[in-house]
Amino acid sequence: MVFSLNKKALTNAIVVSLITIALVFYGSRKLQNFDPALIAYLFGTVFAFFGVVYRYSVWLQRPPTRMYFRRSLELIYNRKFFSHLVFFIKDFILNIGFQKFIYPRGRSRWIGHFLMAFGCTLAFAITFPLTFGWIHFTMNPATSIDPESIRLYEAHFFGFKIFEFELGSFIAFTVFHALNWSSWMVIIGVLIFMRRRLTQPGLIATQSFEGDLLPLVLLLAISITGLGLTYSYEFMKGFAYDFMAVTHAITVIMFLIWIPFGKFFHIIQRPAQLGAHIYKREGIKRGMAVCPHTGKEFATQMHIDDLKVVTKELGFDFTLEDGTSHLDLSPEGKRSRLAMAHLKARLENGGKLFG
Amino acid sequence: MPVTNYKTNQEFFVDMQRCIGCKACEMACAECETNGHESMIHVNYIDRAVTIQTTVQVCMHCDDPACANVCPADAISKDEFGVVHTANTARCIGCSNCVMACPFGVPKKNEAYDLMMKCNMCYDRTSAGKKPMCATVCPTQALYYGTREEMAMMRPNSSPVNNFIFGNEKVSTKVNIMMPKGATELRVD
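Keep in mind the model is a prediction, meaning the values are calculated, not measured. (Residues numbered from 1 in each chain as written. Chains lettered and ligands numbered in written order. Predicted model: local features only at pLDDT ≥ 70, side-chain atom pairs only at ≥ 80, totals over all residues. Heavy atoms only, no water.)

Things to note about the overall build of chain A
Alright, step 1. For chain A, the count of helices and strands is 15 helices and five strands.
Alright, step 2. Here the C-alpha radius of gyration of chain A, 27 Å, is well above what a compact globule of 355 residues would show, namely 20 Å.
Alright, step 3. Considering only C-alpha atoms, chain A reaches an extent of 100 × 50 × 45 Å along its principal axes.
Alright, step 4. Evaluated residue by residue, chain A yields a buried proportion of 45% over its 355 residues.
Alright, step 5. A separation threshold of at least 6 residues defines the contact pool for chain A, and within that pool the share at least 24 residues apart is 59%. (Helix = DSSP H or I, 4+ residues; strand = E, 2+ residues; numbered from the N terminus. Rg over C-alpha atoms; globule rule 2.2 N^0.38 Å. Buried < 20%, exposed > 50% of the residue type's maximum accessible area, 1.4 Å probe, protein only. Contact = heavy atoms within 4.5 Å.)

The following block contains the structure:
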C-alpha cells in the first residue's frame, strides 16, 4: 500500500497542535503554573490532538462524509438554526451524555458503556487542563501561615482563582480523589464488556484482539495503575510509587497516542450521529421520497438526491435508461424489482420452472 | 478476525422460484449469534396484486459493496473471504446511507438501536465451517449453501449467476442467484 500524506489534513493537524501549545504556554501563565512532571503526558496529548485532527480531516474528505459535513455547514447559515440548536442540545444530552441508543441493545451493555464513557470523560475533563497547566491548586496564603486557622485550598483556572475549599473537608476528599472515582467507573464498565466479549459467541466470532480486546485491557491497566498511585501513598507509605507512576504514564500515553488509530476514535466520530439526526429532521421538513414500486414514503428526498451525487462520486452509476435511478426505489421496491426481473427472465425462457 | 475454519469452496445459492414464503429462514436467521438474535433475512411478496409468489433476499456480499463505500463512518468492512460484515457498532452513526444505497435493498436500520444491521452470512457459523442458519432450514432449498459441483448435479437446468445490471451499473457478488441454464447475468432494470 502506498502511503501519502494528505496535505490539507497535515496543515489542519499542525495548526491545531500549534494552537494547543500556544494555549498551554499562555494558559499556564507562561509556564508558571505548568507542572514539569506532566511533560510526557503533554507530549502524548499534543500527539493525540495532531493524530485526531489529521484523521478527522482525512475522514471529512471522503465523499459521503463531505456531503454530510457540507449539509451541516448549510444548516448553520439556515434560518432554522436555533430550532436545530435546541434539538442538538437535547440530542447531545440524551445520546452523547447518556448514550440512550445503547440501552435498547441491552441493559448491562448500556450500564457498562455509560460507566466507561462517564469515567473517561471525567478523567479527560480533569487531566487535560491539569496537564496543560490551566488548572492548579495553591494554599490560601492568609490561612497557611496561621497554624490556628482553617486551612483553605484554592483552585485556579487559567491563573484565575475560581473556588476554595477546606482541607480535610468532604469537598476536598471528593476533588482530590476524582480520578479514583473515574477509575472505579471505568473498571466496572470494562469488566462488564470483557465478560460480554469473552462469553458471547457472536462477538467471539467477529472481534479482533487489537480492535476490541486490547482497548479494554488498556483502559483496565490505566485505571488500576492510577488507583495504585493513591493506594501507594495512602496505605503503603509511598512504596512502589515510582513504579506505579511510570507504568501509569506509559499506559496513559499509549492510550493517547492510539486514540487516532484504533477503537477510541469512535469517541471523536460519535457526535456525527447528531448531525445525521438533524439531517433527517431537516429532510423531513423539505419532503419525503415516495417509492415508485410500493407507492410509500421511505426516506427524505434530500437524502436520496444526495446519495445519487455521492454514489456517482464513488464510481457507482445507478441511472436507468429513462433517466430515473435505481436509488429512487425503497429497499422493499429494490427487492421486488430484483425478483420481478428474475420472473421475467424465467418467462422469457419458456415460463417453466427450471431445476 | 480470529483464526477461522471458513470453507472457501462453499458458496451461497438463492433460487427465488423455489421460495414458498414459509418464513422458516426468518426464524432461523434470528438464531444467528452475530446478528444479536435479530432476523435479517427478507421474505417479500414480489407483486401481491398479481401473484402469490414470494421471494427471499439475503445479503449478496458484493465484490465492491456500495453500502461500505457510502458509509460516512467506515463502519462496514469486507473480510478476506469476501464476507461483507454488518456495521461496526462503535462506528455506525445510523445515517441509513447504506440502507438506501444497497442495490438489493438488504441493510435494515434498527431505529431503537440507531444502528444499521444486515446479514453477515452467519459468520459465527460459516467461520466455523458450518452452513448459514437460513440455508439449513429452507425446506425447498431456495436457499442452499454448498459447493458449485453439488449445485450443478442437483440443478442441471440452472446456472448460478452473480452479475447484476442496475441501469448503468454492473454489480458482481459473492452470493449466486440461480437462473435458467446458460444465463450469465440478471438485468434488473
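The rest of the description comes next.
Re the interface of chain B and chain A
Alright, step 1. Counting residues at the interface gives 67 residues for chain B, matched by 61 residues for chain A.
Alright, step 2. Linking chain B with chain A are two salt bridges, by the criterion used here.
Alright, step 3. Between A:R62 and B:D74 there is a salt bridge, and its shortest N-O distance comes to 2.6 Å.
Alright, step 4. At the surface where chain B touches chain A, the tally comes to 28 residue pairs in polar contact (both at pLDDT 80 or more).
Alright, step 5. Going through the elements one at a time, β2 (42–45), β3 (54–57), α2 (66–70), α3 (97–101), α4 (123–126), β7 (158–166), β8 (169–180) and β9 (186–187) of chain B are the ones with two or more residues in the side of chain B that touches chain A. (Salt bridge = Lys/Arg side-chain N within 4 Å of Asp/Glu carboxyl O. Polar contact = N/O pair within 3.5 Å; in protein donor to acceptor, adjacent residues only side chain to side chain.)

Comments concerning unusual backbone geometry
Residues and elements named next belong to chain A.
Alright, step 1. For R29, which is not glycine, the phi dihedral falls at a positive 55°.
Alright, step 2. For R29, the location among the structural elements is in the loop between α1 (7–27) and α2 (39–60).
Alright, step 3. Given a relative accessible area of 36%, R29 falls into the partly exposed group.
Alright, step 4. Even without a glycine there, the phi angle at Q99 is positive, about 45°.
Alright, step 5. Relative to the assigned elements, Q99 resides in the loop between α4 (81–97) and α5 (107–132).

Let's talk about the pattern of salt bridges
Alright, step 1. Enumeration according to the criterion identifies 19 salt bridges over all chains in this entry.
Alright, step 2. Two residues, A:K161 and A:E164, come together in a salt bridge whose shortest N-O distance is 3.1 Å.
Alright, step 3. Accessibility expressed as a relative area gives 45% for A:K161, which makes it partly exposed.
Alright, step 4. Where B:E111 meets A:K280, a salt bridge forms, and the shortest distance between an N and an O atom there is 3.7 Å. Remark: A:K280 occurs in helix α13 (residues 272–286) and B:E111 occurs in the loop between β4 (108–110) and β5 (115–117); the pair is interchain, linking two chains.
Alright, step 5. Because the salt bridges share partners, they merge into one network encompassing A:K280, B:K109, B:E111 and B:D114.

Quick notes on the domain arrangement of chain A
Residues and elements named next belong to chain A.
Alright, step 1. Entries for chain A in the domain assignment read domain 1 (7–270) and domain 2 (287–348).
Alright, step 2. Computed from C-alpha coordinates alone, the two centres of domain 1 and domain 2 are separated by 44 Å.
Alright, step 3. Taken together, the six residues of domain 1 in the interface contact seven residues of domain 2.
Alright, step 4. Here domain 1 packs against domain 2, burying approximately 570 Å² in sum over the two surfaces, 62% of which is carbon and sulfur.
Alright, step 5. Area buried by domain 1 at its contact with domain 2 is led by P63, M67 and R71, which between them contribute 65% of it.
Alright, step 6. Summed over the shared surface of domain 1 and domain 2, the result is two salt bridges.
Alright, step 7. R71 is paired through a salt bridge with D306; the nearest N and O atoms lie 2.6 Å apart.
Alright, step 8. Across the contact surface, domain 1 and domain 2 share two residue pairs in polar contact (both at pLDDT 80 or more).
Alright, step 9. The class makeup of the residues in the side of domain 1 that touches domain 2 is four nonpolar, no polar and two charged. (Domains from an automatic or database assignment. Buried area = accessible area lost by both parts, 1.4 Å probe. Nonpolar A, V, L, I, M, F, W, Y, C, P; charged D, E, K, R; others polar.)

Points about the confidence of the model for chain A
Alright, step 1. Residue-level pLDDT values for chain A average 93, and 99% of them are 70 or greater.
Alright, step 2. When pLDDT is averaged over each element of chain A, strand β4 (residues 288–290) of chain A comes out on top at 98 and helix α6 (residues 141–144) of chain A at the bottom at 74. (pLDDT = per-residue confidence, 0-100.)

What to know about α4(A)
Every α-helix winds through 3.6 residues per turn, so residues three or four apart in the chain are directed the same way.
Residues and elements named next belong to chain A.
Alright, step 1. Most pronounced at D91, the bend in α4 amounts to some 30°.
Alright, step 2. Those residues of α4 that sit buried are H84, D91 and N95.
Alright, step 3. Just downstream of α4 lies Q99, where phi reads positive at about 45°. (Bend = angle between axes of the 7 residues up to and from the residue.)

Some thoughts on the layout of surface pockets
Alright, step 1. Considering only enclosed or pocket space, the second largest pocket measures out at about 1,200 Å³ in volume.
Alright, step 2. Lining the second largest pocket are 47 residues, with A:L203, A:T206, B:A87, B:N88 and B:T89 positioned closest to its centre.
Alright, step 3. Elements with a contribution of two residues or more to the lining of the second largest pocket: α8 (178–199), α9 (201–206), α10 (209–235) and α12 (265–269) of chain A together with β5 of chain B.
Alright, step 4. Tallying contributions element by element places α9(A) first for the lining of the second largest pocket, with four residues.
Alright, step 5. Residue composition of the lining of the second largest pocket, by class: 14 nonpolar, 19 polar and 14 charged. (1 Å grid on protein atoms, 1.4 Å probe; cavity = no way out; pocket = protein on both sides within 12 Å on 5 of 7 lines; lining within 4 Å. Points joined across faces, edges and corners; volume = space filled by probe spheres on them.)

Some thoughts on the packing of aromatic side chains
Residues and elements named next belong to chain A.
Alright, step 1. Using the criterion set out here, one finds 37 aromatic pairs over all chains in the structure.
Alright, step 2. On the numbers, 4.8 Å between centres and 70° between planes, the contact of F157 with F158 is edge-to-face.
Alright, step 3. Seen in terms of ring centroids, Y233 and Y241 are 6.3 Å apart; in terms of plane orientation they differ by 50°. Their pairing is tilted.
Alright, step 4. Taken together, the ring pairs in this structure connect F49, F124, F128, F132, W134, F157, F158, F255, W258 and F264 into an aromatic cluster.
Alright, step 5. Looking at R29, its charged tip hangs above the ring of F160, at a distance of 4.7 Å from the centre.
Alright, step 6. We note R196 situated over the ring of F193; from NZ or CZ to the ring centre the distance is 5.4 Å. (Phe/Tyr/Trp six-rings, centres within 6.5 Å; stacked < 30°, edge-to-face > 60°. Lys NZ or Arg CZ within 6 Å of the ring centre and 35° of its normal.)

Comments concerning the side chain of A:R197
All names here are of chain A.
Alright, step 1. The residue R197 is located in helix α8 in this model.
Alright, step 2. A polar side-chain atom of R197 sits 3.0 Å from a polar atom in the side chain of Q207.
Alright, step 3. Residues contacting R197, with those up to four places away along its chain left out, are L203, I204, Q207, D212, L213, L216 and K263.

Some thoughts on the sheet that holds strand β3 (residues 160–166) of chain A
All names here are of chain A.
Alright, step 1. Read across the sheet, three strands follow the order β1-β2-β3 without closing on themselves; strand pairing throughout is antiparallel. Whereas interior strands pair on both sides, the edge strands pair on one side only; in this sheet they are β1 (135–139) and β3. This sheet shows a mean twist of 25° between the axes of neighbouring strands, independent of strand direction. (Pairing = 2+ DSSP bridges. Axes fitted to C-alpha atoms, helices over the stretch in contact; angles between N-to-C directions.)

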